[in-house]
Amino acid sequence: QLGSFASHDNADKLVRQWKGQGFSVYVSSVGAGRAARYRVRIGPLADHEGAAQTVAKLKSLGQAASIVRPGA
C-alpha cells in the first residue's frame, strides 16, 4: 500500500505517478461519506518475497509503502 486518502483526487494523482513508472497501481475504496478512504495499492504480487522487494524498490525511490495482506 502506498497511501490512504480522504480525497479521491489525491489517490488518483499518486496512481498516475506510479503507473507512469510501470507499476500496476489501483485504488481500493472503503467506507462511505465522510468516513470514505481511498487506498492506493500495487499488485497483486505473487508472494511475500516479491512484495518485500517491491516495497524496498519504492522506498529507494522515496515513496513510503507497506505490505498489506490480501483482503485487508
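On a predicted model such as this, the values are computed, not experimentally measured, just so you know.

**What to know about unusual backbone geometry**
Residues Gly-43 and Pro-44 are joined by a peptide bond in cis, for which omega reads 0 degrees. Structurally, Pro-44 is set in the loop between β3 (37-42) and α2 (48-60).

**What to know about the nonpolar core**
With 14 residues, the main nonpolar core has Leu-2, Trp-18, Phe-23, Val-25, Val-40, Ile-42 and Leu-58 as its most contacted residues. Only α1 (8-19), β3 and α2 provide two or more residues apiece to this core. Ranked by the residues each element gives to this core, the list is headed by α1, at four residues. Excluding its chain neighbours within four sequence positions, the residues that come into contact with Val-40 are Gln-1, Leu-2, Gly-3, Phe-5, Ala-11, Leu-14, Val-15, Val-25, Tyr-26 and Val-27.

**Some words on the pairing of β3**
In this sheet, β3 lies alongside strand β1 (residues 3-5) in antiparallel orientation, the contact comprising three bridges. Counted as the bridge partner of Phe-5 is Tyr-38 from β3. If you look at the hairpin formed by strand β2 (residues 25-30) and β3, you'll find six residues sitting between the two strands, and Gly-31 has a positive phi there, around 75 degrees.

About the cut-offs
- Residues numbered from 1 in each chain as written.
- Predicted model: local features only at pLDDT ≥ 70, side-chain atom pairs only at ≥ 80, totals over all residues.
- Heavy atoms only, no water.
- Helix = DSSP H or I, 4+ residues; strand = E, 2+ residues; numbered from the N terminus.
- Core = buried A, V, L, I, M, F, W, Y, C linked by side-chain atoms within 4.5 Å.
- Buried < 20%, exposed > 50% of the residue type's maximum accessible area, 1.4 Å probe, protein only.
- Contact = heavy atoms within 4.5 Å.
- Pairing = 2+ DSSP bridges.

Everything listed here is a matter of coordinates, which is why it stays silent on function.
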